[in-house]
Amino acid sequence: MTAEKDAVKKTTAKSPESAKKAASAKKAAPVKRQAPAKKPAIAPKKATAAVKGVAPAKTVAAKPPRGESRTALVRRARRINRELAEVYPYAHPELDFENPFQLVVATVLSAQTTDLRVNQTTPALFAKYPTPEDLAAANPEEVEEILRPTGFFRAKTKSVIGLSKALAEDFGGEVPGRLEDLVKLPGVGRKTAFVVLGNAFGRPGITVDTHFQRLVRRWQWTEETDPDKIEAAVGALFPKSDWTDLSHHVIWHGRRICHARKPACGACPVAPLCPAYGEGETDPEKAKKLLKYEKGGLPGQRLKPPQAYLDAGGKPAPPLGAG
């Protein structure tokens, strides 16, 4: 038994020499250290707030989890709308109009151009053709000349004369107040119809223009790209009574701050709620220089804006040909 024990001791015990070799090998071997996990930077609580004399850090918001619940999405979407309502309490349709006929014509003309350009062009059009019957009987060449500044003036002339004829012949010269009737008019789709219904008749509707489409996807309210599907998806997040004002808030924000190419993230009131924060300029001072219309001290798009807008410090746009 003693011989067996000695044999075991010999095989398991390390000689001092081998122990030293093992220790030195251990020292020489590089130790792999794991880099500490980076904490995701988040948007500041108020994107416009900055410490005096210190440049704010450029941060990017951590995107909300892919598994954001339906309830969480609804709450976030409605909070964004509430924040925008505080920033744009005087938001309104940015096309000048005095009656439903002027609004439907102006909305058709606004395709592929700015509301400002339409507002600068329509005074001459409505002065010469104040009713659907007048425009229906107009010489197309004369109308084309008036509408030339809006672009695509031949197609637009055909549309506004066509819809005027339809109004005169099928609706007694009156703009109908139903979606199914409006979309039958030449040049009038759902977007135009909802602009007219919401702003001329007080009937709720969502206006899915290019600004609206861009912002709701940035905010991850929907991944849809088809306007009708966007309308349905976003409409389901809000009570119907909010739809018209929601459209104004989103469109105003898209025109003034959340631009297509370079959004002014550092001046955005909803930055803490935006998954796309950081896509644009995050420095507050630089972001301020990107602001458009009254937020940047510039005139708005209407020549004759509502009194509430003027009371809030808004400036009317200049007429066509002025400076």
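Preceding this paragraph is the structure being described.
The present account deals with the structure reproduced in this document. All of these numbers come straight from a predicted model, not from anything done at the bench.

Some words on helix α13 (residues 243-256)
Step number 1: Here α13 contains 14 residues, and its C-alpha end-to-end distance of 20 Å stays within 8% of the 20 Å for a straight helix at 1.5 Å per residue.
Step number 2: Burial runs high along α13: 13 of the 14 residues are buried.

Focus: the packing of helix α3 (residues 70-87) against α13
Step number 1: Close contact between α3 and α13 brings their axes to 9 Å; oriented N to C, the two are set at 70 degrees. The orientation of α3 with respect to α13, classified from their angle, is roughly perpendicular. Only Leu246, His249, Val250 and His253 of α13 make contact with α3, whose side of the interface consists of Asn81, Leu84 and Ala85.
Step number 2: In the contact of α3 with α13, the residues fall into 4 nonpolar, 3 polar and no charged.

Some words on the packing of aromatic side chains
Step number 1: Applying the stated rule across the entire model yields 7 aromatic pairs.
Step number 2: Plain terms: the ring middles of tryptophan 219 and tryptophan 221 are 4.9 Å apart, the flat faces sit at 45 degrees to each other, and that makes the pair tilted. The pair tryptophan 219 / tryptophan 221 is uniform in exposure class, with both members buried.
Step number 3: Geometrically, the ring pair formed by tryptophan 221 and phenylalanine 238 is tilted, given 5.4 Å between the ring centres and 55 degrees between the ring planes. Placement of the pair is tryptophan 221 in the loop between α11 (210-218) and α12 (227-235) and phenylalanine 238 in the loop between α12 and α13, with a sequence separation of 17 residues. Each member of the pair, tryptophan 221 together with phenylalanine 238, is buried.
Step number 4: Connected via pairs of aromatic rings, a cluster forms that spans Tyr88, Tyr90, Trp252 and Tyr309.
Step number 5: The positively charged end of arginine 256 is found above the aromatic ring belonging to tryptophan 252, 3.7 Å away from the centroid.

What to know about α11
Step number 1: Of all 9 residues making up α11, 7 are buried, and the element is well covered by its neighbours.
Step number 2: Listing the buried residues of α11 in full gives His211, Phe212, Gln213, Arg214, Leu215, Val216 and Arg218.
Step number 3: Of the residues that open α11, the one with a side-chain oxygen 3.2 Å from the backbone nitrogen of histidine 211 is aspartate 209.
Step number 4: Glutamine 220 sits one or two positions beyond α11 and adopts a positive phi of about 60 degrees.

So, the state of the cysteines
Step number 1: On inspection of all chains with the given rule, the structure shows 0 disulfides.
Step number 2: Looking at cysteine 258, it has no disulfide partner, and the nearest cysteine sulfur is the one in cysteine 274, 6.2 Å off.
Step number 3: The class of cysteine 258 is buried, set by a relative accessible area of 9%.
Step number 4: Overall, the relative accessible area of 11% leaves cysteine 274 in the buried class.

Rules of the game
- Residues numbered from 1 in each chain as written.
- Predicted model: local features only at pLDDT ≥ 70, side-chain atom pairs only at ≥ 80, totals over all residues.
- Heavy atoms only, no water.
- Helix = DSSP H or I, 4+ residues; strand = E, 2+ residues; numbered from the N terminus.
- Expected span 1.5 Å × (residues − 1).
- Buried < 20%, exposed > 50% of the residue type's maximum accessible area, 1.4 Å probe, protein only.
- Axes fitted to C-alpha atoms, helices over the stretch in contact; angles between N-to-C directions.
- Parallel < 35°, antiparallel > 145°, perpendicular 65-115°, else oblique.
- Contact = heavy atoms within 4.5 Å.
- Nonpolar A, V, L, I, M, F, W, Y, C, P; charged D, E, K, R; others polar.
- Phe/Tyr/Trp six-rings, centres within 6.5 Å; stacked < 30°, edge-to-face > 60°.
- Lys NZ or Arg CZ within 6 Å of the ring centre and 35° of its normal.
- Polar contact = N/O pair within 3.5 Å; in protein donor to acceptor, adjacent residues only side chain to side chain.
- Disulfide = S-S within 2.5 Å.

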